[in-house]
4 protein chains.
Amino acid sequence: PPEDVRAASQSGDDRVYFNVGGVVFQTLEATIKHLRNKKFKLTDPDFLSRYYDYGRREYFFDRDPEVFRSVLNYWRTGRLHLPASMCGPQLKEELDFWGLREVDIEPCCWNSFNQSMQTVTSLKQLEIDRNPSYMHPTEEMSDTTNTSRLCHVARLHLWNLLTDPSYSKAAKIYAYVSLVFVLLAIFSFCASTHKLFDISDGSSNLTNSGSENSQDININISANHSKLHQKPTTTSTPNINLQKHWQDSFSSRIHPALFFIDIICLVFFTVEYLVKFICASPRCQFVTSITAVIDLLAILPDYLELLLYLFAPELLVKENTGIIDFMPFLRLMRAFRIFRLIRRVPGLWIMMYTLRASFKELSLMLVFLLVGTLLFASIIFFVDDPKIFTSIPHGFWWAIVTMTTVGYGDMAPVTAWGQIVGSVTAICGVLIVGFTIPSLVNNFITYYNHIEFVVQKERLLKILA
Amino acid sequence: PPEDVRAASQSGDDRVYFNVGGVVFQTLEATIKHLRNKKFKLTDPDFLSRYYDYGRREYFFDRDPEVFRSVLNYWRTGRLHLPASMCGPQLKEELDFWGLREVDIEPCCWNSFNQSMQTVTSLKQLEIDRNPSYMHPTEEMSDTTNTSRLCHVARLHLWNLLTDPSYSKAAKIYAYVSLVFVLLAIFSFCASTHKLFDISDGSSNLTNSGSENSQDININISANHSKLHQKPTTTSTPNINLQKHWQDSFSSRIHPALFFIDIICLVFFTVEYLVKFICASPRCQFVTSITAVIDLLAILPDYLELLLYLFAPELLVKENTGIIDFMPFLRLMRAFRIFRLIRRVPGLWIMMYTLRASFKELSLMLVFLLVGTLLFASIIFFVDDPKIFTSIPHGFWWAIVTMTTVGYGDMAPVTAWGQIVGSVTAICGVLIVGFTIPSLVNNFITYYNHIEFVVQKERLLKILA
Amino acid sequence: PPEDVRAASQSGDDRVYFNVGGVVFQTLEATIKHLRNKKFKLTDPDFLSRYYDYGRREYFFDRDPEVFRSVLNYWRTGRLHLPASMCGPQLKEELDFWGLREVDIEPCCWNSFNQSMQTVTSLKQLEIDRNPSYMHPTEEMSDTTNTSRLCHVARLHLWNLLTDPSYSKAAKIYAYVSLVFVLLAIFSFCASTHKLFDISDGSSNLTNSGSENSQDININISANHSKLHQKPTTTSTPNINLQKHWQDSFSSRIHPALFFIDIICLVFFTVEYLVKFICASPRCQFVTSITAVIDLLAILPDYLELLLYLFAPELLVKENTGIIDFMPFLRLMRAFRIFRLIRRVPGLWIMMYTLRASFKELSLMLVFLLVGTLLFASIIFFVDDPKIFTSIPHGFWWAIVTMTTVGYGDMAPVTAWGQIVGSVTAICGVLIVGFTIPSLVNNFITYYNHIEFVVQKERLLKILA
Amino acid sequence: PPEDVRAASQSGDDRVYFNVGGVVFQTLEATIKHLRNKKFKLTDPDFLSRYYDYGRREYFFDRDPEVFRSVLNYWRTGRLHLPASMCGPQLKEELDFWGLREVDIEPCCWNSFNQSMQTVTSLKQLEIDRNPSYMHPTEEMSDTTNTSRLCHVARLHLWNLLTDPSYSKAAKIYAYVSLVFVLLAIFSFCASTHKLFDISDGSSNLTNSGSENSQDININISANHSKLHQKPTTTSTPNINLQKHWQDSFSSRIHPALFFIDIICLVFFTVEYLVKFICASPRCQFVTSITAVIDLLAILPDYLELLLYLFAPELLVKENTGIIDFMPFLRLMRAFRIFRLIRRVPGLWIMMYTLRASFKELSLMLVFLLVGTLLFASIIFFVDDPKIFTSIPHGFWWAIVTMTTVGYGDMAPVTAWGQIVGSVTAICGVLIVGFTIPSLVNNFITYYNHIEFVVQKERLLKILA
Ligand SMILES: [K+]
Ligand SMILES: [K+]
C-alpha cells in the first residue's frame, strides 16, 4: 500500500523540503503523514513550524545533515538505523535534538552506539578516579594570617612534589628515587628468603645438609614429589619438617645488608607517609584512600616484626606458641610492598582500573571457569582412578590447571574415560579463555589510549600555553 | 566501446534525472539502455513510469539516497557493491525495494552483508528460545466461573515469581534464595567426597593408612604414577584397589551435616518442581522442556539413593553385585545439579545459546582436532618408542593433550623423529585453536551484547512508561 | 603560495565544474593548472574535452561521485587518499577509469586497498583450484556413433555421482556411504594396534606379561621414563626390545573382524578409484591430481602387505632381514587413508587451501619458531646442566616445547641462568604465536566465508531457476 | 537558548553559505557568532574575507567537503568529531588548513586519529632505519682522476651486490649463497655438540658409558631429575661432573667434517666482512652499525678458539685454570652467528623493528609479568610447602612458568592454599598475555604490510619505468 500511495501522489506539489545545514532532503507529505503514530520532535507541528522558512518554502535546520538522513529514514520506515561512521557522543547529541531515544534504535545499530557511549561513560569515571578531591588540596583562604597562607602554599607544593611527577623536575626526580626505594624493599624481601643471604651458623647448616644426604631425605623425595597426592597419615612427617623449617627460618638472624636496607626503606616510607599525611588537605579522606591504606599496610608488618624482634625475641623461637602460626601471615603481609609499585607505574594502575571497569566480563570469565571446574572435577572423580583423583575438591586443582592449559602433570587421568573427560576439559578451557579475553582486552586498550590522550593533551597544552 | 558511447553522447539532452530523497543523480540514457539485459525494478518501464514527475522532468523516489548510489552503479557497471557503513537489515529493505536479490551482490561486499543478516536471524532465534510459549501461560478465559479465574491469576503470579527475577522484588529475592540452595547442594555434593567429611570409623581409617605405609603401596605408586601406560596384567592390582575403594566410599556413612543439607535441598527442589508443574499452563510442554528435564534429572538420583539407603542398604555394601557397577553412574548423575546453575546465571545460558548457534564453527574445530589427533597419533605410534605409545588409540590422548598445549608430560616422544612429529603436533594445535576460536568469540560477544540490549531496553521502557 | 593563489583568484569566473553522476564538484582553474606535472586522465586535455558539456558548461562523467572526490583531492594536493568505506574491486575499477595507478595511492590508504585486492585474487585462485578442468569432463561430440555418445553421457553422470554431492540425491547418499567407509578404514587402522584386538596366542601373551613383571622391566621404566635423555649405550637394550616388539606385532595374526573390514574397504576404494579412472575425461590429468594420488597411496600399502602376507609370510617373521626395517614405513603409509577425510569434509580442504594461500605467513611463523629454537637451544646448552641439555639438537625439543607453551616437563632448566633463558623462551614463544596467528586466521575466515557464499549462491540460483 | 535563537531568526536572510569544493553548506549568522570565543581560522574575519565570492555571495573553499562538515559542526557545537572513514594524514592536512589543532579533537575521535598518525610516524622511522646513509655510498666526484672514479663505481657495484638482493640477478644469487653459508655455519655449530659427531676415542667413550651404567649415575638421576630443587651441598657432585663434562667436550677433537665446514664459513664471512669494509663509503659509520658489529661478533670467537687450539691447546685441557670458565662464554658467543640470519630473512628484521617500535607495549607486558611473578612467588612461598618453594627467588621460576601457561610441572603447589594461589597465577598469566599481545600484533602487521607495500611499489615502478 505505501508504495501505491507514493506512486499515486506523484503530482509533484506535495513534496516537503528539509534543508539541513545546506543539504536539501525531499520527501512526500504522504510519507510524513503515514507514520505520525510514532512520537518524536518532527511529528510535533509546533516544533516543525518554528523551523519553517516561508521565503524559501522549506524547513531549515542548522544541524549536521548526516544524522538527519537516518532520522528521515526513520520517518519513512519506522526503523532507526544509524550511520556507522559517526561516534557515539555526536550521535547522542543529534538524536537528542531530534527527540529520539536510545530505545528507538534498531538492535543491529544499537550495539556499536551503546559501546561507544559506555566507553565515554567509563572514561569519565576513570578521570574522576584518577583525580580524587584530596589529591588537589584546595586553597582555603578564609584565615587572613600570613603565616598560615605561607604554610598552606608550602603544603600544596610539597603535596604536588610527592604525588605528581609531572609537577616539576624535582617531582620527577623524587618519583624515580621513590621507585628505587620500592624496588630496594622488594629486593630485600625476596633476597631474605634465599639461601645466599642465609647467615645461620655453620653447624645448623651442616646438620641440615647432613640430614639431607641421609636416608630419610630420599624417602621424603619419593613421598612428596612422585606426583602423588599425599595421604593424611604420610603428611605428618612433612608437617614436622614444615614446623622445623619455619623455626629455622625465624631463628636465623637476618643478613646485616638486608637488615640495613630494610631499615633505610622503612624510614623512607614512614617519612613519606607522614609528610603526605600532614600535607593532605582533607586528612580523613587521604587516610581512607586505597593508596594510603596500601602504604600503611606495607609499613606496619615491618614495625610489628621489629618490635617482636627487639622486645620479645623468645616468641620467635619458642615452640608450640600461637605466635608461630601468626608469623607466616605477618610475613605474607610484607608482600604488600609489591603493591606500592602499582601507584608508581602507570601501566599497572591503568590495569587496575581496567580490571575494576571490566568487573562484569571478569566475573563472567570466573563463573565460566568455576562452573567448568565444578563440572569436570565431579565427572573425572567418578570416571578416573580414585587413587589420583581422591576427592572432588582435589579434582578442582586438576580441572583449573587443565582449563588454563598449564597442565603441570602432577595429576593426569589414566583411564580411557578419564582421558576423554580430560580432552573435553582442555577444549572447554581453551574456549572459555578465548571467549572472555577479547572483551577484557578492548577495555584495557581503550583505557590505555585514553590515558595516553590525556597525558599528550596536557603536554601539548603546556607547550602551546 | 561504452566509454566512446558516453563521450559521443555529450549533447546534454539525453541525461536522466533521478531524485532520491532530495539527492539528484544524473546518468545518460545510453548507460541505462546498454545494460537492460539484467532484470530488476529499474529496468521495468512500468515501475519507472509510476515514479516519473512530469513537472520537474525527473524520477522521484522517496527513499534513502545512499543505497541508490550503489544501485545506479550496478546499472552502470553490472556489478553491485554495497556501502560498507550501512547495516544489513537496512540494506536488505532498500535492495528489496529496488528489486535486487542477494545473489546479485559481488563476493567482496556479500560477506559483511551476509554476516549482518545472519546475526539478525540468529538473534531472532535467540529471542524465540528465550521466551518459549509455556513460559507465558496465556489466560484461557473460556470458563466463566470466578474461582477458576482467580486460581488462574494466582498460577500466573506464582509462575512469574518462580521464573522471572525481573517480575517483582519478591521474584528477585526468590531467585537469590534459589541460587543459594543450588550452591548448597553443589557444596554438599563436592564435600561428601572429601576426607574432611569422611566419618568412617577409625579402625578402617587406620587399616587404610596402615596399608598405605606398607610395602605394596610403594609398588603401586611406582606402577601407576611413573608416567607409564599400565600393562594389562599390572592393572589387576589397581582394579582390586578401585573396587575396595568404592566399597569403602559407599559403606561409609554420610556426614550428618551434609545429609541434612542434602535433605533440605531435596525438599526445596522437589517443592519448586511441583509448584512449577502445577502453574505451567501447557504442562506437557513444560515437562519436556530442557530446563525441567535437567531439574528432574538433578532430583531423581537423590531419591534413588535415598530409597536404596533406606530399604536396601545391603546392596550398597555387598560385593560382586551388579548394583556396585551401577552406583558410580548414579553418583555421576548427581553432578547434574551443577547444570541448575546455568538457568540461574545469565552468562551461562548465553554461552549455551552461543555454543548451539556456533554449532557449525564448533564442529569444524572438533573435526580439525579429531583429524589432527588421528593423524599425529598414527604417525607418532610408528616413529616413537612403542613402550610409551603402546597403540594408536592410546596416542590419541597424547595428541589431544599436545594440540591443546596442555602438555601434562605423562607421555612425551623420546626419539628424534618422534620429537619432530611432536613439534608439528604442537604447532598444528596452536593453529587449529587460533583458527576457530575467533569466529566463536564473535558469536558470543554478539549474543551477549544483544541480551544486554534487550535487558536495557526493557528497563528503559519500564522507566519511561 | 597555493593558498595565496587560490585566495587571489576569488573572482568567481575561473571555477571549473565537474558533474559526476549528478554531484557537482567545483574547483579553481589555478588548482587544476598548478599540478599538471603529475600525469593521469584528468590532466589529459583530449580526455577532458570529450566529456565537456558545452550547453551546461561543465564536465559530465557518468561515474560514481565518491571516488571522484578522492581523485579531485589528488589533483588539489598531489596525494591520493581513498574512501575507507569502499571495497577494493570497485575502487580499482574507478581508479582505472581515472587513469590512476596503484603506486599513486598513499601508504596509509594502500594497505586496506591492497588487502582487499589480494583477497579477491586469492579467492579467484581458490575457485580455479576447486574446479579443475578434469573435474568437468567436456562433451566431445566429434564422433557421430550413437553408442559412443551414450557411453559418454553415462560416464559424465557416473563421474558427477562420485565427485559432486550436490549433483543429485543419489550423489549425496553416495558421499555419506563413502564417508562411512573412510571412517571404517580409519577405525580398523587404529584398532589393529590396540591390545583389545590383539589375538596373538596366550603363550606369547603370557611370556610378554611375565617378562614385564620381571626385574628387567623395572630397569626399563627407570631408564626410559625418568625424564632423562638416553645415553647411547643404554639405548641398545630398548632397541632390542623395540625390534622384538615389532616382530611380535607383525607375527601376530590380524583380528578377523578387522581383517574383514580391511578387505571390504580395500574393495570399495579400489572399485571407486577404477570407476573414477574410467570416467575421468583427460585421464592423465586425473591420475596426476593430488586427490587421486592420495587415494592411490592409501590403497597401495594394503595391497603390498596383503601380497607379503599371502606369498611371503616368512619375510614378516624372519629376523635380521631388511624387510623388517621397511615395514614400519609401510605401515606408516597406511596412515594416508586419514587424508581421504580431507576430500570429504569441506572444512578440511578449505583449511588446506588456507594453509597453501597463507604459505608466506606460515613460513614466516616457522622461520620465527626455527630461529627461536636455534637461539634458545644454543644458549640453554651453555648455561644449564649438560646432563639435561646434552647437545644443542637435543635442546631443540625443549625450545619448541617451551615456545609453543606445551611444556611437557621432560626437560626443564635447573640453574638460575637456565631458568632466566627459559622464561625468555616462553615469552618469545607467546609473542611469536600471537604475532603470526591473527594473519593466518583472517585468511581462513575469508576463505571459509567465500565458500559459504559460493555454496549459498548456487543454492539460491537453483531455487530461483 | 541556542535553539530559541535559531528558531527566532528564521527570516531566511541571515544565512551564510560555504561552498566547499562544490558542496554548499548553510548555517545561520547567529550560530557562527555564538561560538566566536574559540579561535581557529574560520573565526578570523581576515581569513574568511579572503575566500568570499562577492558575485555568488558565498565563501568558496577549494577543499574537501567531508572534513568541512566536521569543522562546521565544531563551529555549531564546540565539539570536534572527525569522520571515521578518513585516514589520519588526510585529516591532519585538512585540519591544518582550517587552523584546528590535535587538542581540539574530542577524546572519542582522537584515538583512531592518533593511532593513524603514530603509524605514519613510525613507518617513516622504519624507512630511515632501513636505509641508513652508509648503505648508499654517495658518489664523491670531487677528484678528477679516471682511476679513482672507476674504482668508486666498482665499489658501489660491489656494495650493492653484497647488500641489496634486488639490485641484480647476481646479487640475488649471492644472497642465497650467503644464506647457505650462514645455515652451514649454524649447522656445524649445533652438530658439534651432538654425540653423532663426537670422535673422542673409544676408551673414553667406554669409560663414559661404563660409569653411566654404574651405581653413581643412578644417584645422579634421582638427585637431578626427581623434579626437586637441588640443595647447595648436593650440587657439589654435579659441579664436578659439569667440570668434567666441559673438559671432555673441549679435549675431544672436533669432527673433521665440521672443522672443514667451520674453516670454509670462517673464510667466507671474513672475506665478506673485509669486502664490505672496503666498499662502505663512510667506513666508521659502517663499522659501528649494528649489522656489522653482529657480523664481527660472529667471526671473532672462531678466530679466538682457533688461536687457542693452534697455539695453546694445553689451556683447553688443563684443569683448575681460569680459561676453563671463560670457554663456555666464548662458545656461547658462537651462537651469535644465528643473528646473521636476521639480516638475511626479511620477516626477522621486520620483527626486530616491531619489537623496537613496540618498546612501550613490550615493557608494559614485561612489567606486568614481573609484578605478577614477584607477587605470586612471594605468596606461594608463604602458603605452600617450603620443601618445593625453597625461597621467593626460586618461586619466580614457578610463577613465570605458570603465567606463560608452560607449566613444566617441576614445581607445583601441593597445599590447598597453594593451589588456589596457583589457579589465580594461571588466570592472571592468561589475562596478562591476552592484554598485551594484541597491541604488539597490530604493530607487527602494520610494519609487515608497509614493507610489502614498499617492495611492491618499487617493483611496480621498475616495471612501469
Ligand atoms: K602447558
Ligand atoms: K605442561
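This text follows the structure it describes.
Everything in this summary refers to the structure shown in the same document. (Residues numbered from 1 in each chain as written. Chains lettered and ligands numbered in written order. Predicted model: local features only at pLDDT ≥ 70, side-chain atom pairs only at ≥ 80, totals over all residues. Heavy atoms only, no water.)

### Notes on the relation of the copies chain C and chain B
Stage number 1. Of the transformation superimposing chain C on chain B, the axial component is 0.0 Å and the angular component is 90 degrees, with the fit at an RMSD of 0.1 Å. Between the two chains, the operation in question is that of a four-fold axis. (Least-squares fit on C-alpha atoms with pLDDT ≥ 70 in both.)

### Brief notes about the coordination of the potassium ion (ligand 2)
Stage number 1. Surrounding the potassium ion (ligand 2) are the protein donor atoms Val406(A) (O), Gly407(A) (O), Val406(B) (O), Gly407(B) (O), Val406(C) (O), Gly407(C) (O), Val406(D) (O) and Gly407(D) (O), at 2.5 to 3.1 Å.
Stage number 2. Separating the potassium ion (ligand 2) and the potassium ion (ligand 1) is a distance of 3.5 Å, and Val406(A) donates to both of them. (Donors = N, O, S within 2.8 Å, 3.2 Å for Na, K, Ca; no water.)

### Details of the interface of chain A and chain B
Stage number 1. Across the contact, 85 residues belong to chain A and 84 residues belong to chain B.
Stage number 2. At the boundary of chain A with chain B, total buried surface from both sides reaches about 7300 Å², with 66% on carbon and sulfur atoms.
Stage number 3. Arg15(A) is the salt-bridge partner of Glu58(B), the closest N and O atoms lying 2.9 Å from each other.
Stage number 4. Linking chain A to chain B there are 14 residue pairs in polar contact (both at pLDDT 80 or more).
Stage number 5. Of all the secondary structure elements, the ones that give two or more residues to the side of chain A that touches chain B are helix H1 (2–8), strand E1 (15–20), strand E2 (23–28), helix H4 (65–77), helix H6 (107–130), helix H19 (359–383), helix H20 (392–403) and helix H21 (416–464) of chain A.
Stage number 6. Ranked by residues supplied to the side of chain A that touches chain B, first place goes to H19(A) with 12 residues.
Stage number 7. Residue classes in the side of chain A that touches chain B are distributed as 44 nonpolar, 27 polar and 14 charged. (Contact = heavy atoms within 4.5 Å. Buried area = accessible area lost by both parts, 1.4 Å probe. Salt bridge = Lys/Arg side-chain N within 4 Å of Asp/Glu carboxyl O. Polar contact = N/O pair within 3.5 Å; in protein donor to acceptor, adjacent residues only side chain to side chain. Helix = DSSP H or I, 4+ residues; strand = E, 2+ residues; numbered from the N terminus. Nonpolar A, V, L, I, M, F, W, Y, C, P; charged D, E, K, R; others polar.)

### As for the sheet that holds strand E3 (residues 52–53) of chain D
All names here are of chain D.
Stage number 1. Judged by pairing direction, the sheet is mixed, and its 4 strands sit side by side in the order E2-E1-E4-E3 without closing on themselves. Single-partner strands in this sheet number two, and they are strand E2 (23–28) and E3.
Stage number 2. In terms of strand pairing, strand E1 (residues 15–20) meets E2 through 6 bridges, oriented antiparallel. Pairing of Arg15 across the sheet is with Leu28, part of E2.
Stage number 3. Helix H4 (residues 65–77) rests against E1 and E2 of the sheet, and its axis sits at about 5 degrees to E2. (Pairing = 2+ DSSP bridges. Axes fitted to C-alpha atoms, helices over the stretch in contact; angles between N-to-C directions.)

### Details of the interface of chain C and chain B
Stage number 1. At the interface, 85 residues of chain C touch 86 residues of chain B.
Stage number 2. Carbon and sulfur atoms make up 66% of the area that chain C and chain B hide from each other, which totals about 7300 Å².
Stage number 3. Of all residues in chain C, the largest losses of buried area upon contact with chain B belong to Asp62(C), Trp397(C) and Tyr408(C), amounting jointly to 10% of the total for that side.
Stage number 4. Connecting chain C to chain B are 5 salt bridges.
Stage number 5. Summed over the shared surface of chain C and chain B, the result is 14 residue pairs in polar contact (both at pLDDT 80 or more).
Stage number 6. In terms of residue count, the dominant contributor to the side of chain C that touches chain B is helix H21 (residues 416–464) of chain C (16 residues).
Stage number 7. Within the side of chain C that touches chain B, the residues separate by chemical class into 46 nonpolar, 23 polar and 16 charged.

### What about the side chain of Ser423(C)?
Stage number 1. Counting through the fold element by element, Ser423(C) comes out in helix H21.
Stage number 2. By relative accessible area, which is 16% here, Ser423(C) ends up buried.
Stage number 3. One polar contact links the side chain of Ser423(C) to the main-chain carbonyl oxygen of Gln419(C), over a distance of 2.8 Å.
Stage number 4. Excluding residues within four positions of it along the chain, Ser423(C) makes contact with Trp397(D) and Ile400(D). (Buried < 20%, exposed > 50% of the residue type's maximum accessible area, 1.4 Å probe, protein only.)

### A few points about H4(A)
Since the α-helix advances by 3.6 residues per turn, residues separated by three or four positions end up pointing in the same direction.
Residues and elements named next belong to chain A.
Stage number 1. In this model, H4 (13 residues) spans 18 Å end to end at C-alpha, consistent with the 18 Å of a helix rising 1.5 Å per residue.
Stage number 2. All of the buried residues in H4 are Pro65, Val67, Phe68, Arg69, Ser70, Val71, Leu72, Asn73, Tyr74, Trp75 and Arg76.
Stage number 3. Between the side-chain oxygen at the start of H4 and the backbone nitrogen of Glu66 there is a gap of 3.1 Å, and the oxygen is on Asp64.
Stage number 4. Looking at the residues trailing H4, positive phi occurs at Gly78, about 85 degrees. (Expected span 1.5 Å × (residues − 1).)

### Notes on the pattern of salt bridges
Stage number 1. A full pass over the atoms with the stated rule returns 40 salt bridges over all chains.
Stage number 2. Measuring nitrogen to oxygen at the nearest pair gives 2.6 Å for the salt bridge that ties Asp53(A) to Arg15(D). Pair noted here: Asp53(A) is in strand E3 (residues 52–53) and Arg15(D) is in strand E1, and the two residues belong to different chains.
Stage number 3. When the shortest N-O distance is used, the salt bridge between Asp104(A) and Arg101(A) registers 3.1 Å.
Stage number 4. The class for Asp104(A) is buried, based on a relative accessible area of 14%.
Stage number 5. A residue is classified by how much of its surface remains accessible, and Arg101(A), at 39% relative accessible area, is partly exposed.
Stage number 6. In the salt-bridge network here, residues are joined through shared partners; they are Arg15(A), Asp53(B), Arg56(B) and Glu58(B).

### Section: unusual backbone geometry
A negative phi holds for most residues other than glycine; trans holds for most peptide bonds.
Stage number 1. One non-glycine residue, Arg57(C), adopts positive backbone phi at about 55 degrees.
Stage number 2. For Arg57(C), the position within the fold is in the loop between strand E3 (52–53) and strand E4 (58–61).

### Things to note about the packing of helix H20 (residues 392–403) of chain C against H21(C)
Residue and element names in this part refer to chain C.
Stage number 1. The geometry of H20 relative to H21 is characterised by a closest axis approach of 7 Å and an angle of 55 degrees between their N-to-C directions. Compared by their axis directions, H20 and H21 come out oblique. The way H20 lies across H21 gives a crossing that is right-handed. Residues Trp398, Ala399, Thr402 and Met403 of H20 touch H21, and the partners they reach there are Gly422, Thr425, Ala426, Gly429, Val430, Ile432 and Val433.
Stage number 2. Its residues assigned to classes, the contact of H20 with H21 comprises 7 nonpolar, 4 polar and no charged. (Parallel < 35°, antiparallel > 145°, perpendicular 65-115°, else oblique. Left-handed = near helix turned anticlockwise from the far one by under 90°.)

### Examining the sheet that holds strand E1 (residues 15–20) of chain C
All names here are of chain C.
Stage number 1. Strand order in this open sheet of 4 strands is E2-E1-E4-E3, and the pairing throughout is mixed. At either margin of the open sheet sits one strand with a lone partner, and together these are strand E2 (23–28) and E3.
Stage number 2. Pairing between E3 and E4: 2 bridges, direction antiparallel. Bridged to Tyr52 within E4 is Tyr59.
Stage number 3. Its contacts with the sheet place helix H4 (residues 65–77) against E1 and E2, and it is angled at close to 5 degrees to E2.

### Considerations on helix H18 (residues 346–357) of chain B
Stage number 1. Given a rise of 1.5 Å per residue, 12 residues ought to cover 16 Å, and the 16 Å separating the end C-alpha atoms of H18(B) matches this to within 8%.
Stage number 2. When H18(B) is considered as a whole, its buried residues turn out to be Gly347(B), Leu348(B), Ile350(B), Met351(B), Tyr353(B) and Thr354(B).
Stage number 3. Here the buried face of H18(B) lies against H19 and H21 of chain A together with helix H6 (107–130), helix H17 (340–344) and helix H21 (416–464) of chain B.

### Considering the packing of helix H18 (residues 346–357) of chain A against H21(A)
Residues and elements named next belong to chain A.
Stage number 1. Running from amino to carboxyl end, H18 crosses H21 at an angle of 135 degrees, the nearest separation of the two axes being 9 Å. Taken together, the axes of H18 and H21 lie oblique to each other. Considering only the axes of H18 and H21, their crossing is right-handed. Where H18 approaches H21, its residues Gly347, Trp349, Ile350, Met351, Tyr353, Thr354 and Ala357 are matched on the opposing element by Leu440, Asn443, Phe444, Tyr447, Tyr448 and Ile451.
Stage number 2. Broken down by class, the residue content of the contact of H18 with H21 amounts to 10 nonpolar, 3 polar and no charged.

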